[in-house]
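Descriptive analysis of the structure
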Amino acid sequence: MSPLPVAAPMTVPVQDRAMPAIQAIDLRKEFRRRERVGRRFETTRSVALAPTTFRVERGECVAILGQNGSGKSTLVRLLSTLLLPDGGTARVFGHDIRTDARAVRRLVNRVSVEASFFKKLSAFENLSYAARFYGIRPADSRVRIPEIVERLSFPADRLREPMEHLSRGMQQKIALARALLTAPVVLLLDEPTTGLDPRSKLEVQALVTDMQEQHDATVLLCTHDLAEAEELARRVGILHRGELIALEAAAGLKLRYGAATLEEAFFAATGGRLEDEADREADEGGESP
Amino acid sequence: MMMRTELTGLAGVVERNVYLVKRYAWWEVAFFVYTVASSYTIVLIAKGIQTTGGRLDVNRVTTILLIGAVVWAYLSSIFEVLTDTVAWERWEGTIEYTFMAPLARSVHLLGMGVFAIAYGLLRAALLFAVMAFSFRLAMPNANFLGAFAVVAIASVSFIGIGMMTAVLPLISPEKGTQLGFMAQGLLLAVSGVYYDVAVLPAPLRAVARFSPATYTLDGIRSSIIGGTGVGGLWHDLWPLVVIGAVSIPLGLWVFHQGEVHAKRHGKLKRSG
Ligand SMILES: Nc1ncnc2c1ncn2[C@@H]1O[C@H](COP(=O)(O)OP(=O)(O)OP(=O)(O)O)[C@@H](O)[C@H]1O
Ligand SMILES: [Mg+2]
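Throughout what follows, the structure given in this document is the object of discussion. Since the model is a prediction, treat every value here as computed from it, not as a measurement. (Residues numbered from 1 in each chain as written. Chains lettered and ligands numbered in written order. Predicted model: local features only at pLDDT ≥ 70, side-chain atom pairs only at ≥ 80, totals over all residues. Heavy atoms only, no water.)

With that settled, consider the packing of aromatic side chains. Inspection of every chain in the model, using the stated rule, returns 10 aromatic pairs over all chains. Residues Phe118(A) and Trp88(B) carry aromatic rings whose centres are separated by 6.0 Å and whose planes lie at 75 degrees to one another, so their mutual orientation is edge-to-face. In this pair, Phe118(A) is assigned in the loop between strand S6 (108–111) and helix H3 (123–133) and Trp88(B) in helix H5 (residues 87–92), connecting two distinct chains. The interplanar angle of 75 degrees and the centroid separation of 5.2 Å between the aromatic rings of Tyr24(B) and Trp88(B) together place this pair among those described as edge-to-face. (Phe/Tyr/Trp six-rings, centres within 6.5 Å; stacked < 30°, edge-to-face > 60°. Helix = DSSP H or I, 4+ residues; strand = E, 2+ residues; numbered from the N terminus.)

Rendered as structure tokens:
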């Protein structure tokens, strides 16, 4: 495959090169929920991410598995400075996500399940203005946008159509293009291949590998696709109810849970204790600040 | 180098808004026709009073009403654009992508402000042309330079206030936009858009003193009807300069607080 036509990635300052790409220490996030209890409103807190410590090395791809609501997107949003943590710290190449958010934003980009675009604007228009937010001038983006979408097998002649005319998978490709256009050093992927056809899925996966190998990008991949996790990631983490209960090579996970496949290991780690789940549901109502 | 990156970001904000206006061109036409119609009804009031036996200087009152309608159209356009900074982006879901870009919030808001002024001026100028033509108003004394100076300085305050209302949907996604509308309504009531603020009850008159629109309207009327030049408009210009100098930093600060609040409580996006 041809090399990825992205610009030279945002350069990581020399002194940062030895640093881990992502380092989280006791990173924690809770959400308040206001509920009507009789006539009064009561505020309850629910833990989305329990104190979590991990590091991701430069150029590594780490996959995060977890059931719905286990905190994957919350982790990604914290690292992309869209949420402020309630405790702990996280650094991206040494830059604190809280106190040095702008430096983090220059290095990071994110692709999430929902494509999120101005639906009446064309793909090109959506990409063009977004690129400028990263300091990429129109003369550059005019050249790079068609190159990148072509690499994603997105028909270049449909770039001028309004987003709402595109299928979900095509919109997802434009979402990927938006991230790749800014040549991120750290790529946060939140279920990037959900809803893609098998071929597109493979293309996206190949692209992620390319980003890593050719551009030295670090990838954090949240996914429900266990094969994808095993294929792409050097280490696989499991988030369970906001807790990172494991983070190691897929082979290690299987060994630890005595499982033949990653799927079995995942079920053993998360699904085995259904009665606990019922307990937790009962607990949640009672929690108060 | 740094400066150039910021300018590129600012141009990106303007670029996006231009695309939106183009893609929603029919809405623009519809809103403009509505604005023309509602301004027309208001400006016609002077003639209406005359035909029912009232005695008044029709040309003068019509001009007063016309200026009110045009300035209000300008103000509403600015608020509408700035409110969309958050409300529209939340609706489309793009807000997360805008907020995670390495674009300084001040540059982002400045970009919205620059676009808002250009958009507002264009609409107001068109409206003024249509109205002045249909009423064939005589403005023999008009000092347009004075009026322009007032609008230019006033725009700064309008942008600052717009930033404060723009952030409301970040603090309360459900009630924020509604609050913004109410603030806009209050401004309409107290600023003497269609009458002299002297007719207001005392409490409202007190609020009027803090509204930049009060001085804007007074200044524009003096220059268009009375022919006052920039030099003679000082008593309207200095409050505008003060309000402008306070409202921009205050607007940025309020917006920042709203952004922090939203990021703390997960309000940038509706779905978890
Ligand atoms: N903005 C928010 N406001 C309130 N609660 C939230 C918010 N975002 C997430 N949560 C809650 O935090 C928990 C973790 O949610 P999160 O979206 O991180 O899960 P996830 O692992 O990404 O799930 P999925 O696989 O369904 O995408 C959930 O209980 C969710 O309801
Ligand atoms: Mg998620």
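This part is about unusual backbone geometry. All names here are of chain A. Phi angles above zero are rare outside glycine, and Ala183 is one such case at about 45 degrees. Relative to the assigned elements, Ala183 resides in the loop between helix H5 (168–181) and strand S7 (186–190). In this structure, Glu191 takes a positive phi of about 50 degrees despite not being glycine. For Glu191, the location among the structural elements is in the loop between S7 and helix H6 (198–215). Residue class for Glu191 comes out buried when judged on its relative accessible area of 12%. (Buried < 20%, exposed > 50% of the residue type's maximum accessible area, 1.4 Å probe, protein only.)

Moving on to the sheet that holds strand S5 (residues 95–96) of chain A. Backbone-to-backbone hydrogen bonds pair the strands of a sheet. The strands run either parallel or antiparallel. Residues and elements named next belong to chain A. Taken in spatial order, the 4 strands make up an open sheet running S2-S1-S4-S5, and their pairing is antiparallel. In this open sheet, the two edge strands, each paired with only one partner strand, are strand S2 (40–56) and S5. Pairing of strand S1 (residues 22–37) with S2 involves 13 bridges; the strand directions are antiparallel. When the sheet's bridge partners are listed, Lys29 is paired in S2 with Leu49. Across the face of the sheet, helix H1 (residues 72–79) comes into contact with S1, S2 and strand S4 (87–92) while running at roughly 115 degrees to S1. (Pairing = 2+ DSSP bridges. Contact = heavy atoms within 4.5 Å. Axes fitted to C-alpha atoms, helices over the stretch in contact; angles between N-to-C directions.)

So, to be careful, I would describe these as geometric facts and stop short of saying anything about function.
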